[in-house]
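Single-letter residue listing:
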Amino acid sequence: MRRWVATCALCVGSAGGISNAQQAAEAIEPPDGELRVAFTDAELRLIFQHSPLPAVPPDPTNNVADDSAAAHFGRYLFFDTRLSGDNSLSCSTCHDPTHGFSLDSQFSQGAGTTSRHAQSLWNVGYNRWYYWDGSVDSLWSQALKPIEGADEMNSSRLALAHTIAREPDLRRGYEHIFGGLPDLSDPMRFPTAGKPRSHKADDVPEELLGAWQSMTPDDHQTINTIFANVGKTIAAYERKIVSRDSAFDRFVEGLHAGDEMLTSALSPSAQRGLQLFIGRANCRLCHTGPNFSDGEFHSLGLINHDGTIPNDAARFEGATKVKSDPFNAAGAFSDDPDAAPAKLVQQLVVSPETWGQYKTPSLRSVATSPPYMHQGQFVTLHDVVDFYSSLEGRVQMGHHQETILQPLELSEVEKADLVSFLRSLTGQALTPELSARPSGPLPSASK
């Protein structure tokens, strides 16, 4: 059996958005003097399954998914507070580029407080389901939900359409991509604000619901098309939020090339953490592939952030929602309702075994966006590894649980090694122009 030995000298870089104290706690390098880590052929085959990261897959349900002008306008909208009900909130409020496109609090904070932690947008274009519960099946449809969320941006699709039509810069950006807007000036046909119930349990104010119900089906179609198009431009921008070229990627590149300088990108501790990740700890069972996620749903049996027993149906309810969503991949606003994503949602089975299950997040640039888990239960990566080591406080959810999840019983050195490896997955920072609002709604060449 051939063994590969890496000689390492460099430590992984620090992750943005984490305090110095957290960095110090998570960057423990055991002073054991070990500089050489051996990998077997079998381990190498597993390692090579995690890098390099391929291109973002196409989205056939969004015709402007890879249109540069749409991505530019989507970035303009992503940072624009006019999309919210009181002109004070934007997508970036909960998805802060300086904090891994997430939020440093346990729960999303918008017009109110949500019941879940804001997921990072790193590599979101690789997903097939969105939100912790998978209640959405496309990135453009996901971008719509916070706009109307009462605890998020607290606006409505009618108000958004009027804002796009009324504001000269927004109208110019929209029409550059989608052509002329329809005439929305008749308040009897198009009230100033209004939205439907997306789901039976939605609590929509009567004045907004009544305004929507007063409209004709054709006018509903007009407003929904504008709404969907806005989501498609935001998605085009979010598809560019990609974490790649991490220390781990350079290490794998060095393995392929036999380049000792590249393999030195991974510290000795991180290499030992990598061995644990693909070996005894078996983290790759769920965090698989180049994006370090199986894209599926699992129950860890985590108690709520306040110590109470969970009562969130999670994937069980999310599967029901996505199947009935008029903006899903098989719906009337999809640009290809016969594509593979549409078939995926059409064939989705709602099973009680999914009660309490949450989506496996990507681990790419995971160190940039604490806290962790669906309610931000863990403040640091070390806290996460501690949980997997002991499973302390875990509760069984319903009649089904993850039987493959067993306490890892890691030593303190092994915990530190795993954290070092997770930190090595931090990719290169986005270019400044992708991390901030552009000066105008159109690319400079189109102004």
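Quick note: structure is the one above.
Values in this document were obtained by computation on a predicted structure and should not be read as measured data. (Residues numbered from 1 in each chain as written. Predicted model: local features only at pLDDT ≥ 70, side-chain atom pairs only at ≥ 80, totals over all residues. Heavy atoms only, no water.)

Visitor: Sorry if this is basic, but what is going on with the overall build of the protein chain here?
Guide: Each helix and strand in the protein chain was counted, giving 16 helices and four strands. Excluding contacts between residues fewer than 6 apart, the proportion of contacts in the protein chain whose partners are at least 24 apart in sequence is 74%. For the protein chain, the accessible area works out to roughly 19,100 Å², and carbon and sulfur atoms hold 53% of it. (Helix = DSSP H or I, 4+ residues; strand = E, 2+ residues; numbered from the N terminus. Contact = heavy atoms within 4.5 Å. Areas by Shrake-Rupley, 256 points an atom, 1.4 Å probe, with all protein chains shown as cover.)

Visitor: Got a minute to help me understand helix 7 (residues 168-178) in this structure?
Guide: Side chains three or four residues apart in an α-helix point the same way, a direct result of the helix having 3.6 residues per turn. Along helix 7, the positions that sit buried rather than exposed are D169, L170, G173, Y174 and I177. For helix 7, the buried positions fall inside an angular range of 125° around the axis, keeping them on one side. Tucked into the core, helix 7 has its buried residues touching helix 3 (68-78), helix 6 (157-166) and helix 9 (217-238). Count one or two residues on from helix 7 and you reach G179, which has phi positive near 85°. (Buried < 20%, exposed > 50% of the residue type's maximum accessible area, 1.4 Å probe, protein only. Arc of directions from axis to C-beta.)

Visitor: What exactly am I supposed to notice about the nonpolar core here?
Guide: Here is a general trend for soluble globular proteins: nonpolar side chains tend to be buried in one another's company. In this structure, L77, F78, F101, I164, I223 and I234 are the most contacted members of the largest nonpolar core, which totals 50 residues. Of all the elements in the fold, those that place two or more residues in this core are helix 3, helix 5 (139-148), helix 6, helix 7 and helix 9. With nine residues, helix 9 is the largest single contributor of residues to this core. In contact with I234, not counting residues within four places along its chain, are G74, L77, F78, L83, C91 and A143. Formed by 39 residues, the second largest nonpolar core is a distinct cluster that contains L274, F292, V366 and V384. (Core = buried A, V, L, I, M, F, W, Y, C linked by side-chain atoms within 4.5 Å.)

Visitor: What should I look at first to understand helix 15 (residues 381-390) in this one?
Guide: Among all positions in helix 15, only L381, H382, V384, V385, F387 and S389 are buried. L391 occupies a position one or two residues after helix 15 and carries a positive phi of about 55°.

Visitor: What exactly am I supposed to notice about the environment of R197 here?
Guide: When you line up the elements, R197 lands in the loop between helix 7 and helix 8 (206-213). Not counting the four nearest positions on each side in its chain, R197 is found in contact with D202, V204, E206 and L209.

Visitor: Mind showing me how you'd approach the layout of surface pockets here?
Guide: In this approach, a probe sized like a water molecule rolls over the atoms, and the result shows the empty space that is left. A volume near 270 Å³ is recorded for the second largest pocket. Together, 16 residues line the second largest pocket, and P58, N127, R128, D137 and P341 are the ones closest to its centre. At three residues, helix 14 (residues 340-346) tops the list of elements feeding residues into the lining of the second largest pocket. Counted by class, the lining of the second largest pocket contains nine nonpolar, three polar and four charged residues. (1 Å grid on protein atoms, 1.4 Å probe; cavity = no way out; pocket = protein on both sides within 12 Å on 5 of 7 lines; lining within 4 Å. Points joined across faces, edges and corners; volume = space filled by probe spheres on them. Nonpolar A, V, L, I, M, F, W, Y, C, P; charged D, E, K, R; others polar.)

Visitor: In this structure, what is going on with the pattern of salt bridges? I would like to understand it.
Guide: A side chain of one charge can pair with a side chain of the opposite charge when the charged atoms of the two come close. Counted according to the given criterion, the structure contains 21 salt bridges. With a closest N to O distance of 3.3 Å, E167 and R82 form a salt bridge. Residue E167 is located in the loop between helix 6 and helix 7, and its partner R82 is located in the loop between helix 3 and helix 4 (91-94); the two are separated by 85 residues in the primary sequence. Take E167: its relative accessible area is 22%, and that puts it in the partly exposed class. A salt bridge links D386 to K415; the shortest N-O distance between them is 2.7 Å. Taken together, the residues D386 in helix 15 and K415 in helix 16 (residues 412-423) connect sequence positions 29 residues apart. (Salt bridge = Lys/Arg side-chain N within 4 Å of Asp/Glu carboxyl O.)

Visitor: I tried to follow the packing of aromatic side chains on my own but got confused; where do I start?
Guide: Under the counting rule described, the total for this entry stands at 16 aromatic pairs. Between F277 and F292, the aromatic rings sit 5.7 Å apart at their centres with planes inclined by 65°, giving edge-to-face as the arrangement. Placement of F277 in helix 12 (residues 268-278) and of F292 in the loop between helix 12 and strand 3 (297-298) is noted, with a sequence separation of 15 residues between them. The two residues F277 and F292 agree in class, both being buried. Three or more aromatic residues joined by ring pairs form one cluster here, namely F78, F79, F101, W122 and Y237. Positioned above the aromatic ring of W212 is the side chain of R157, whose terminal nitrogen or guanidinium carbon lies 5.5 Å from the ring centre. We note K232 situated over the ring of W140; from NZ or CZ to the ring centre the distance is 4.8 Å. (Phe/Tyr/Trp six-rings, centres within 6.5 Å; stacked < 30°, edge-to-face > 60°. Lys NZ or Arg CZ within 6 Å of the ring centre and 35° of its normal.)

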